[in-house]
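Letter by letter, the chains look like this.
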Amino acid sequence: MNLPEGDWSPIKADASTRAYFKGSYQGKEALLADFGDDEVGRNRFLHVARLFESHGLRVPKIYFVPDTASYLVIEWISGSRLSALKWSKGFEAELLGTV
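Remember, it's a predicted structure, so these values are computed and weren't measured experimentally.

## Description of the side chain of E75
Logical step 1: Mapping E75 onto the fold places it in strand β5 (residues 71-75).
Logical step 2: Buried and unpaired, E75 has no salt bridge, with K61 as the nearest side chain of opposite charge at 4.1 Å.
Logical step 3: With residues up to four places along the chain from it excluded, the contact list for E75 reads E29, L31, V59, P60, K61 and Y63.

Set out below in structure tokens:
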């Protein structure tokens, strides 16, 4: 796989077949998600991210979408997993960016 310029370090993947790398893209911390042969999954990710963003939900910024490669470079988000957080009106406002 031809990664974009930079220092990309592999990170542990979930149960999917994707490969993940942490690095930087144009001076910003970034996540590279390689979808391998799953072009449908890559396109679905792009569609859902853009759909959520168009409705005001905060999603990781998409930094780079190569035309001829199987990966995406997106904003690196650190912190707690959403599934580990307790839902509240304050958390909902923060998630939606209405704080």
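## A look at the sheet that holds strand β1 (residues 9-11)
Logical step 1: The 5 strands lie next to each other as β1-β2-β3-β5-β4, forming an open sheet whose pairing is antiparallel. Of all the strands in the sheet, the pair left with one neighbour each is β1 and β4 (62-64). Put simply, the sheet's adjacent strands are angled 35° from each other on average, direction ignored.
Logical step 2: Across 2 bridges, the pairing between β4 and β5 is antiparallel.

## Topic: the packing of aromatic side chains
What describes a pair of aromatic rings is the distance from one ring centre to the other and the angle between the planes of the rings.
Logical step 1: Inspection of the entire model under this criterion finds 4 aromatic pairs.
Logical step 2: Judged by centre distance (6.3 Å) and plane angle (15°), the ring pair of Y25 and Y63 falls under stacked. Placement of Y25 in strand β2 (residues 19-25) and of Y63 in strand β4 is noted, with a sequence separation of 38 residues between them.
Logical step 3: Given the relative accessible area of 14%, Y25 is considered buried.
Logical step 4: On the basis of relative accessibility, which here comes to 22%, the residue Y63 falls in the partly exposed class.
Logical step 5: Measuring from centroid to centroid gives 6.1 Å for F35 and F45, while their planes differ by 55°, and the two rings are tilted. Taken together, the residues F35 in the loop between β3 (28-34) and α1 (39-54) and F45 in helix α1 connect sequence positions 10 residues apart.
Logical step 6: Overall, the relative accessible area of 31% leaves F45 in the partly exposed class.
Logical step 7: Connected via pairs of aromatic rings, a cluster forms that spans Y25, Y63, F64 and Y71.

## Side note on the pairing of β5
A regular strand carries its side chains on alternate faces of the sheet.
Logical step 1: With respect to burial, β5 is a largely interior element, 5 of its 5 residues being buried.
Logical step 2: Here β3 pairs with β5 via 5 bridges, running antiparallel. Each residue of the ladder has a partner; that of L32, found in β5, is V73.
Logical step 3: Remark: 6 residues form the turn of the hairpin made by β4 and β5, two consecutive strands paired antiparallel.

Conventions adopted
Residues numbered from 1 in each chain as written. Predicted model: local features only at pLDDT ≥ 70, side-chain atom pairs only at ≥ 80, totals over all residues. Heavy atoms only, no water. Helix = DSSP H or I, 4+ residues; strand = E, 2+ residues; numbered from the N terminus. Buried < 20%, exposed > 50% of the residue type's maximum accessible area, 1.4 Å probe, protein only. Lys, Arg positive; Asp, Glu negative; His and termini not counted. Salt bridge = Lys/Arg side-chain N within 4 Å of Asp/Glu carboxyl O. Contact = heavy atoms within 4.5 Å. Pairing = 2+ DSSP bridges. Axes fitted to C-alpha atoms, helices over the stretch in contact; angles between N-to-C directions. Phe/Tyr/Trp six-rings, centres within 6.5 Å; stacked < 30°, edge-to-face > 60°.

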